[in-house]
Amino acid sequence: RLLEAETRRQGLSRRVELLHDTNDLLSALNSIARSLPNSLNLRDAVDSLRHQLQESFDPHVLALLDRDGDGDWTPRLAEGTGFSPNQGTDDLPTPLTEALDSPTPVVSNPLPTGVGLRSGSTSGMYVRLVARDQVVGLLGLETNRPGGYGPKDAQLLLGLADVAGLTLDNARRFGHLRTLGAQNERIRIARDLHDRLGQWLTYFKLELERISNKTDDDPE
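Since the model is a prediction, treat every value here as computed from it, not as a measurement. (Residues numbered from 1 in each chain as written. Predicted model: local features only at pLDDT ≥ 70, side-chain atom pairs only at ≥ 80, totals over all residues. Heavy atoms only, no water.)

Peer 1: Mind showing me how you'd approach the overall build of the protein here?
Peer 2: Counting its secondary structure elements, the protein contains four helices and five strands. When the accessible area of the protein is evaluated, it comes to approximately 14200 Å², of which 53% is carbon and sulfur surface. (Helix = DSSP H or I, 4+ residues; strand = E, 2+ residues; numbered from the N terminus. Areas by Shrake-Rupley, 256 points an atom, 1.4 Å probe, with all protein chains shown as cover.)

Here it is as structure tokens:
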């Protein structure tokens, strides 16, 4: 009976610990979900995401790559590492390439020497950002803290990636629509100016004809 009671106690203890971790995870995701979609400006969305990543994971290396229409990658965040302005998929570091084909975060703990985004990192997490069934970005975090990243961190990152992918995609689409709207407005203004100029030219032409006809009709 004592053994059965101890077994039950250990089981309850594990459940309480799991519920506690789950509650922490839901609280963090709720905070992320509230803060990230506040702005449809891409820069504001990236700044908010950076703040949440720093607060949740305290990484020494942080990289966020945005996928453009041609399939190249544009760095939106590159702290502790470097990327060219337009990075091809074949040129991505190995961990990010692996994350591109994985539906869940790729966790490397320990991180093999020379494989990460920066020399000296001992642990890393890498995840793709998906919106509307398309990969819109890649996110990489690395640290050199003892212990590194574990399953709980990966679970939190997965939830954050879902929100971040949709937020960044919405901001990017909104920026595109705003640019398109500005172009349409410039076209409308140019058309209005053209029409007004045409009206004035027609007016001047008629006035010149009227003046010319009046001059011809006046006796010398």
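Peer 1: Teacher, can you tell me more about the sheet that holds strand 3 (residues 106-108) here?
Peer 2: Backbone hydrogen bonds are what pair the strands of a sheet, in a parallel or an antiparallel way. The strand order 2-1-5-4-3 describes an open sheet built from five strands, whose pairing is antiparallel. Taken across any chain shown, the strands that pair with only one partner, and hence form the sheet edges, are strand 2 (73-79) and strand 3. Averaged over all pairs of adjacent strands, the angle between strand axes in this sheet comes to 15°, irrespective of strand direction. When strand 1 (residues 61-67) meets strand 5 (residues 134-143), the two strands line up antiparallel, connected through six bridges. What sits directly across from Ala 63, in strand 5, is Gly 140. Sheet contacts for helix 2 (residues 42-57): strand 1, strand 2, strand 4 (123-131) and strand 5; angle to strand 2, the most-contacted strand, approximately 45°. (Pairing = 2+ DSSP bridges. Axes fitted to C-alpha atoms, helices over the stretch in contact; angles between N-to-C directions. Contact = heavy atoms within 4.5 Å.)

Peer 1: Would you mind showing me how to read the pattern of salt bridges here?
Peer 2: Note on pairing: side chains with opposite charge can pair once their charged atoms come close. One pass over the full model with this rule turns up four salt bridges. With a closest N to O distance of 3.2 Å, Asp 66 and Arg 76 form a salt bridge. Residue Asp 66 is found in strand 1, and its partner Arg 76 is found in strand 2; the two are separated by ten residues along the sequence. (Salt bridge = Lys/Arg side-chain N within 4 Å of Asp/Glu carboxyl O.)

Peer 1: Would you mind showing me how to read the nonpolar core here?
Peer 2: Nonpolar side chains in soluble globular proteins tend to be buried together. With 24 residues, the main nonpolar core has Leu 53, Phe 57, Leu 64, Leu 129, Leu 139, Leu 141 and Leu 157 as its most contacted residues. Contributions of two or more residues to this core are made by helix 2, strand 1, strand 4, strand 5 and helix 4 (151-217). Examining the composition of this core, we find that eight residues originate from one element, helix 4, more than from any other. Look past the residues within four positions of Phe 57 in its chain and what remains in contact with it is Met 125, Leu 141, Arg 145, Tyr 149, Asp 153, Leu 156, Leu 157 and Leu 160. Of all hydrophobic cores here, the second largest spans 15 residues; its members include Val 61, Leu 65, Ala 99 and Leu 117. (Core = buried A, V, L, I, M, F, W, Y, C linked by side-chain atoms within 4.5 Å. Buried < 20%, exposed > 50% of the residue type's maximum accessible area, 1.4 Å probe, protein only.)

Peer 1: What should I look at first to understand the packing of aromatic side chains in this one?
Peer 2: Here the distance between the centres and the angle between the planes together describe a pair of aromatic rings. Tallied over the entire structure, the rule returns one aromatic pair. Ring geometry for Phe 57 versus Tyr 149: centroids 6.3 Å apart, planes at 85°, classification edge-to-face. Of this pair, Phe 57 sits in helix 2 while Tyr 149 is found in the loop between strand 5 and helix 4, placing the two residues 92 residues apart along the sequence. Among the residues examined, Phe 57 registers a relative accessible area of 2% and is labelled buried. (Phe/Tyr/Trp six-rings, centres within 6.5 Å; stacked < 30°, edge-to-face > 60°.)

Peer 1: Would you mind going over the pairing of strand 2 with me for this structure?
Peer 2: Strand residues, when the strand is regular, have side chains that alternate between the two faces of the sheet. In terms of strand pairing, strand 1 meets strand 2 through six bridges, oriented antiparallel. Its bridge partner lying in strand 2, Leu 64 is registered against Leu 77. Hairpin connection, strand 1 to strand 2: the antiparallel pair is bridged by five residues, and Gly 71 has positive phi, about 90°.

Peer 1: What is the right way to look at the environment of Leu 141 in this model?
Peer 2: With respect to the secondary-structure elements, Leu 141 resides in strand 5. Through-space distance from the C-alpha of Leu 141 to that of Val 127 is 9.0 Å; in sequence the pair is 14 residues apart. Those residues within four positions of Leu 141 in sequence are excluded, and the remaining contacts are Leu 53, Phe 57, Pro 59, Val 61, Leu 62, Ser 123, Gly 124, Met 125, Tyr 126, Tyr 149 and Leu 157.

Peer 1: Got a minute to help me understand unusual backbone geometry in this structure?
Peer 2: Outside of glycine, negative phi angles account for most residues, and trans bonds account for most peptide bonds. Pro 110 follows Asn 109 through a cis peptide bond whose omega is 5°. Note on placement: Pro 110 falls in the loop between strand 3 and strand 4. Even without a glycine there, the phi angle at Arg 132 is positive, about 55°. Positive phi, normally seen in glycine, also occurs at Asp 133, with a value near 65°. Residue position: Asp 133 is located in the loop between strand 4 and strand 5.

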